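# Coordinate analysis (summary)
Chain residues, written in single-letter form:
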Amino acid sequence: MSEGKRKFLVVRTDRLGDLILSLPVTTALKQAYPGCAVGLLTSPHTAPLVERHPDVDLLLVDDAAGSHRGIRGWLKLVAQIRAGQFDTAVLLHPSLRLSLALAAARIPERVGTAYRAYSLLFTTRVRVHRRGVAHHELDLNFDLLAPLAPRPPRVEFKIPIDTEARARVQQLLAPLRTRTERKLVVVHPGSGGSARDWPVDRFAGLVDALHRRLDAEVIITGSAQESPLVSRLCQLCQTKPFRLDGGTTLKELAALLAEADLLVSNSTGPLHLAVAVGTEVVGLYCPIRACAPERWGPYGRPQSVLTPRVDACDRCTGRRCPHWDCMAMISVEEVFAAVARKLGGPHCRERKNA
């Protein structure tokens with residue numbers, strides 16, 4: 001098989017942000033091996049986002065909690081992978097279950113970390129540590145890819161914006177577009193439990209400030225599970241933000257963020273999605289080392305991060321901590337000032353006029 005006809009499988013089946021930070025790997029492979037085919041194995045939740053991605057030729061779904069659950073389901077997954085006839089697989093997020101699946105699917109070259117007990121299942125073992133490192137997750141993905149392809153000169157996400165999703169979002173936003181000069185700010189108050197969150201009353205204060213002092217249109221987003229949090233936020237607001245929690249698909253969320261001028265969010269997948277579609281962000285990050293913005297911040301935008309001014313810690317100890325609740329140390333005025341600077345800067349204006 002010639003280099004140009006190689007078939008790669010990139011595996012990333014965890015959360016939304018993880019998948020987004022892995023997409024540049026597919027582009028790097030396409031650039032390194034012109035004419036190759038790239039498959040992507042991901043989760044049912046994140047798969048719709050990358051349908052029609054220009055550098056993904058085949059999309060596979062690992063339904064670990066459903067049809068691929070248990071030994072019979074795992075065998076179905078193995079058969080699905082084997083049917084793709086891949087000659088090389090790159091497992092970006094290590095797990096024993098998926099490592100075994102790639103080996104059982106008889107993929108000749110399997111690239112993975114060298115630091116797991118099951119690393120013997122990989123034919124190419126890369127000495128890349130993830131735990132306790134200060135490198136960004138996206139850079140770590142490129143490090144794991146290094147035996148196959150060089151890091152490209154420019155990072156590209158290439159998130160496709162679905163035409164129907166864009167039309168649906170524009171329909172939803174129509175009542176808000178009575179004054180076109182108003183900035184559109186999306187506020188995402190949850191994090192899906194991936195990090196310590198900025199307090200909901202602070203989010204409410206920010207929403208009111210954005211409306212009253214910037215005359216901005218504010219949209220609150222969140223998953224269906226986060227609707228109680230969004231309801232609490234709206235109860236605390238003196239103004240009336242527009243709610244879209246639980247009411248949009250992942251494709252529609254991408255289209256919404258592409259329409260927006262800015263997103264304010266905790267450390268969570270929608271923040272990385274906003275960066276990927278070219279929208280400005282302000283990210284609120286806790287001091288827990290595993291959640292550090294050096295690893296999980298908006299890629300290439302360290303100036304878009306706000307953190308409490310306390311020492312880093314290994315885990316949150318709650319009210320026993322002398323800095324509890326440290327996230328409340330990030331003031332509404334501090335976040336508002338960061339938003340105001342970005343909305344008044346050239347980046348946002350140039351992007352919307354592009």
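So, how was this worked out
Residues numbered from 1 in each chain as written. Predicted model: local features only at pLDDT ≥ 70, side-chain atom pairs only at ≥ 80, totals over all residues. Heavy atoms only, no water. Helix = DSSP H or I, 4+ residues; strand = E, 2+ residues; numbered from the N terminus. Rg over C-alpha atoms; globule rule 2.2 N^0.38 Å. Buried < 20%, exposed > 50% of the residue type's maximum accessible area, 1.4 Å probe, protein only. Contact = heavy atoms within 4.5 Å. pLDDT = per-residue confidence, 0-100. Axes fitted to C-alpha atoms, helices over the stretch in contact; angles between N-to-C directions. Parallel < 35°, antiparallel > 145°, perpendicular 65-115°, else oblique. Left-handed = near helix turned anticlockwise from the far one by under 90°. Nonpolar A, V, L, I, M, F, W, Y, C, P; charged D, E, K, R; others polar. Pairing = 2+ DSSP bridges. Core = buried A, V, L, I, M, F, W, Y, C linked by side-chain atoms within 4.5 Å. Right-handed = clockwise from strand over helix to strand, strands pointing away.

Turning next to the overall build of the protein chain. Within the protein chain one finds 13 helices and 12 strands. For the protein chain, the C-alpha radius of gyration of 21 Å lies close to 20 Å, the compact-globule estimate for 354 residues. Considering only C-alpha atoms, the protein chain reaches an extent of 65 × 50 × 40 Å along its principal axes. A buried classification covers 55% of the 354 residues belonging to the protein chain. A fraction of 62% describes how many contacts in the protein chain between residues 6 or more apart in sequence connect residues 24 or more apart.

Among the structural elements, arginine 125 can be located in strand S6 (residues 124–126). Overall, the relative accessible area of 42% leaves arginine 125 in the partly exposed class. Sequence separation of arginine 125 and proline 147 is 22 residues, and the distance between their C-alpha atoms is 9.2 Å. Aside from chain neighbours lying at most four places away, what touches arginine 125 is Gly112, Thr113, Ala114, Ser119 and Leu120.

Predicted confidence across the protein chain gives a mean pLDDT of 92, with 94% of residues reaching 70 or more. Ignoring residues within four places in sequence, the model shows residues 345–354, a span with pLDDT below 50, making 17 contacts including any to other chains.

Below, the discussion takes up the packing of helix H7 (residues 200–214) against helix H8 (residues 227–236). The geometry of H7 relative to H8 is characterised by a closest axis approach of 8 Å and an angle of 55° between their N-to-C directions. Classified by the angle between their axes, H7 and H8 sit oblique to one another. Judged by the twist between their axes, the crossing of H7 over H8 is right-handed. Contacts from Val200, Asp201, Phe203, Ala204, Val207 and Asp208 of H7 reach H8 at Leu229, Arg232, Leu233 and Leu236. Here the residues of the contact of H7 with H8 sort into seven nonpolar, no polar and three charged.

It is worth spelling out the packing of helix H9 (residues 250–259) against helix H10 (residues 269–276) at this point. For the pair H9 and H10, interaxial distance at closest approach is 9 Å and the crossing angle is 55°. Accordingly, the angle class assigned to the pair H9 and H10 is oblique. Considering how the two elements wind past one another, H9 and H10 form a crossing that is right-handed. When H9 is examined against H10, the residues Leu253, Ala254 and Leu257 are found in contact with a partner set consisting of Pro270, Leu273 and Ala274. Looking at the contact of H9 with H10 residue by residue, the classes come out as six nonpolar, no polar and no charged.

So, about the sheet that holds strand S12 (residues 305–306). The sheet built from six strands is open, its strands ordered S9-S8-S7-S10-S11-S12 with parallel pairing. The strands lining the two open edges of the sheet, one partner per strand, are strand S9 (242–243) and S12. Bridge count between strand S7 (residues 184–188) and strand S10 (residues 262–266): four bridges; the pairing is parallel. Note that in S10 the partner of histidine 188 across the bridge is serine 265. Of the strands in this sheet, S7, strand S8 (217–220), S10 and strand S11 (280–284) are in contact with H7, which crosses S7 at around 175°.

We now examine the sheet that holds strand S2 (residues 37–42). Strand order in the open sheet formed by six strands is S3-S2-S1-S4-S5-S6, and the pairing between neighbours is parallel. Edge positions in the sheet fall to strand S3 (58–61) and S6, since each of these pairs with one other strand and no more. Here the strands of the sheet are splayed against their neighbours by 20° on average, with no regard to which way each runs. Direction of pairing for strand S4 (residues 88–91) relative to strand S5 (residues 109–113): parallel, over a ladder of three bridges. When the bridges of S5 are listed, alanine 89 appears paired with arginine 110. Sitting on the sheet, helix H2 (residues 23–32) touches strand S1 (7–11) and S2, and the angle it makes with S2 is about 165°. Docked against the sheet, helix H5 (residues 137–145) engages S4, S5 and S6, running at close to 140° with respect to S5.

Counting residues in each nonpolar core, the largest one holds 60 residues, and the members touching the most others are Leu29, Ile159 and Leu273. A per-element tally of this core places H9 first, with seven residues. Once residues lying within four places of it in the same chain are set aside, the contact partners of leucine 29 are Phe8, Val10, Cys36, Val38, Leu145, Leu148 and Ala149. Core analysis: the next-biggest nonpolar cluster, separate from the first, contains 35 residues, Trp198, Phe203, Leu284 and Leu306 among them.

Moving on to the pairing of S11. Each regular strand shows side chains that alternate between the opposite faces of the sheet. Judged by how many residues are buried, S11 sits mostly within the fold: five of five residues are covered. Here S11 shows a buried face lined by Glu280, Val282 and Leu284 and a second buried face lined by Val281 and Gly283. For the crossover that starts at S10, traverses H10 and ends in the parallel S11, the hand is right-handed. Sheet analysis places S11 next to S12, joined by two bridges and oriented parallel. Residue leucine 284 lies in a different strand from S12, and its bridge partner there is leucine 306.

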